[in-house]
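If you want the building blocks of each chain, they are given just below.
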Amino acid sequence: MKSTIALIKSASTLKPNVEVFGVSGSPRINGNSDILLKNIISGVAQEKIPCDYLNLTKVKFQGCVGCEKCRKDKICTGLVDGMSVIYKKIISSKGLVLVSPTHNYNITSWMKAFIDRLYCFYNFENDRPRSWSSQFSNQGRKAIIAAICEQESTEDMGFTLEAMKKPLKALGYEIIGELSVFKIFDKAKIKNDKNTIDRACQLGKELARAIK
Ligand SMILES: Cc1cc2nc3c(=O)[nH]c(=O)nc-3n(C[C@H](O)[C@H](O)[C@H](O)COP(=O)(O)O)c2cc1C
């Protein structure tokens, strides 16, 4: 825990590395979101930028419990779980990719829990209502977000993209690319959609170039 605290304490002073970290929030391993993410990451790799990714359902972690210990520690010290490893990746990576399928007009519960756990990267003041800033601001951090759903309208995709975009912007990320994919239901069916796969790869290249 001590080493994690030390790492996080340096989050606002150290510049992130030119590398990209990707996160999928789908409970379907190797499903559509995972495939989208892998293709975005493949675009990053083609630009020779170090990159890594994971599916959140493979990590044991829970949502934020609101203990507020992070206000002082600048890291989540209230929970000790799989997020410790993810925090290191987030801090060190200038580029971030989030991909979620639509579940009930929104991101999945895994993606929501993950985003809530990024709360520890805010600085809160003691006034009311509390003014705040992000440890990640002005570090040139950039992100791509992608969402995929069964139905065919933005209405049916609901808040999925917005639910990733707003918190990332608040944390100090510039969203340099967005991808909305409609009319895909079956597992891995997105593989047949060459245009979308190409677009995903292209977005990865753009992210890599943007953080160089
Ligand atoms: C619990 C659940 C809720 C869903 N809700 C929606 C929805 O609100 N709108 C929609 O268009 N598709 C919805 N879908 C369909 C998925 O978004 C779609 O199958 C997607 O391709 C799954 O991607 P994945 O393979 O990455 O999990 C839902 C699927 C599940 C399992």
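Described below are features of the structure shown in this document. (Residues numbered from 1 in each chain as written. Predicted model: local features only at pLDDT ≥ 70, side-chain atom pairs only at ≥ 80, totals over all residues. Heavy atoms only, no water.)

Observations regarding the overall build of the protein chain
How we decide: Only DSSP runs of H or I reaching four residues or more are called helices, and only runs of E reaching two or more are called strands; each is numbered from the N terminus. Within these notes, the globule rule equals 2.2 Å times the number of residues to the 0.38 power, and the radius of gyration is based on C-alpha atoms. Each residue is assigned to one of three classes by its accessible area relative to the maximum for its type, calculated with a 1.4 Å probe on protein chains only: buried under 20%, partly exposed between the two thresholds, exposed over 50%. In this tally Asp and Glu are treated as negative and Lys and Arg as positive; neither His nor the chain ends contributes. Where a charge lies is defined by one atom per residue type: Lys uses NZ, Arg uses CZ, Asp uses CG and Glu uses CD.
On a plain count of helices and strands, the protein chain comes out with 8 helices and 7 strands. Its C-alpha radius of gyration of 17 Å places the protein chain within 12% of the 17 Å reference for a compact globule of 212 residues. Counting across all 212 residues of the protein chain, residues that qualify as buried make up 50%. Averaging the coordinates of the 33 positive side-chain charges in the protein chain and doing the same for the 21 negative ones gives two points 7 Å apart.

A few points about the packing of helix α2 (residues 32-46) against helix α8 (residues 194-211)
Where we set the bar: Interaxial angle, 0 to 180 degrees, is taken between N-to-C directions of lines fitted to C-alpha atoms, where a helix line uses only the stretch in contact. Note on angle classes: values under 35 degrees are labelled roughly parallel, values over 145 roughly antiparallel, values of 65 to 115 roughly perpendicular, and the remainder oblique. Left-handed describes a crossing whose near helix is turned anticlockwise from the far helix through less than a right angle; right-handed describes the clockwise counterpart. Residues count as neighbours in contact if any of their non-hydrogen atoms are within 4.5 Å of one another. When residues are sorted by character, Ala, Val, Leu, Ile, Met, Phe, Trp, Tyr, Cys and Pro go into the nonpolar class, Asp, Glu, Lys and Arg into the charged class, and all the rest, Gly among them, into the polar class.
Viewed as axis vectors pointing N to C, α2 and α8 meet at an angle of 45 degrees, and their least axial separation amounts to 6 Å. Comparing the axis directions of α2 and α8 gives the class oblique. Seen along the crossing, α2 lies across α8 with a hand that is right-handed. In this structure, α2 uses Ile35, Leu36, Asn39, Ile40, Ser42, Gly43, Val44 and Gln46 to contact α8, whose residues at the interface are Thr196, Ile197, Ala200, Cys201, Gly204, Lys205 and Ala208. Tallied by class, residues from the contact of α2 with α8 come to 8 nonpolar, 6 polar and 1 charged.

Describing helix α7 (residues 160-171)
To keep it simple, the criterion reads: The span expected for a helix works out to 1.5 Å for each residue beyond the first. The directions considered for the arc run from the helix axis to the C-beta atoms.
The end-to-end C-alpha separation of α7 is 18 Å, in line with the 16 Å expected for 12 residues at 1.5 Å each. Restricting attention to buried positions, one finds in α7 the residues Thr160, Leu161, Met164, Lys165, Leu168 and Leu171. Looking down the long axis of α7, one finds its buried residues gathered within 130 degrees of arc, a one-sided arrangement. What points out from α7, more than 90 degrees from its buried face, is the exposed set Lys166 and Lys169. Count one or two residues on from α7 and you reach Gly172, which has phi positive near 110 degrees.

Things to note about the packing of aromatic side chains
This is how it is decided: Aromatic pairs are defined between Phe, Tyr and Trp rings, using the six-membered ring for Trp, whenever the two ring centres lie within 6.5 Å; interplanar angles under 30 degrees are classed as stacked, those over 60 as edge-to-face, and all others as tilted.
As enumerated under the stated definition, the model contains 7 aromatic pairs in all. Residues Tyr87 and Phe121 carry aromatic rings whose centres are separated by 5.6 Å and whose planes lie at 85 degrees to one another, so their mutual orientation is edge-to-face. Within this pair, whereas Tyr87 is found in helix α4 (residues 83-92), its partner Phe121 is found in the loop between α5 (109-116) and β4 (122-124), the two being separated by 34 residues in sequence. As far as burial versus exposure is concerned, Tyr87 and Phe121 are alike and both buried. Their ring planes at 65 degrees and their centres at 6.4 Å tell us that Tyr119 and Tyr122 sit as a pair that is edge-to-face.

Focus: the site of the ligand
The line we're drawing: The nearness test applies per residue and asks whether one of its heavy atoms lies within 4 Å of the molecule or strand. By the criterion applied in these results, polar contacts are pairs of N or O atoms within 3.5 Å in which, for protein atoms, one can donate a hydrogen and the other can accept it, and in which residues neighboring in sequence qualify only through two side-chain atoms. Using a 1.4 Å probe, accessible areas were evaluated by the Shrake-Rupley method; residue-level cover was limited to the displayed protein chains.
Contacts to the ligand come from 17 residues, most closely from Ser26, Ser33, Thr102, Asn104 and Ile184. One nitrogen or oxygen atom from the main chain of Asn104 is found 2.9 Å from a nitrogen atom belonging to the ligand. At 2.9 Å from an oxygen atom of the ligand is found a main-chain nitrogen or oxygen belonging to Gln151. In the complex, the protein chains occlude 79% of the 650 Å² of accessible area that the ligand would expose alone. Of the residues in the shell around the ligand, the class split is 6 nonpolar, 8 polar and 3 charged.

Regarding the sheet that holds strand β7 (residues 174-181)
Within a sheet, each strand pairs with its neighbour through backbone hydrogen bonds, oriented either parallel or antiparallel. Stated formally: A pair of strands is treated as paired once DSSP finds two or more bridges between them.
On the basis of which strands lie adjacent, the open sheet formed by 5 strands has the order β2-β1-β3-β6-β7 and parallel pairing. The open sheet has two edge strands, β2 (51-55) and β7, and neither has a second partner. Along the sheet, successive strands turn relative to each other by an average axial angle of 15 degrees, direction set aside. In this structure, strand β6 (residues 142-148) lies alongside β7, joined through 7 bridges in parallel fashion. Each bridged residue has a counterpart across the sheet, and for Ile145 the counterpart in β7 is Glu178. Contacting β1 (17-24), β2, β3 (93-101), β6 and β7, α2 crosses the sheet at an angle of about 175 degrees to β2. This element, α5, spans β1 and β3 of the sheet and lies at about 150 degrees to β3.

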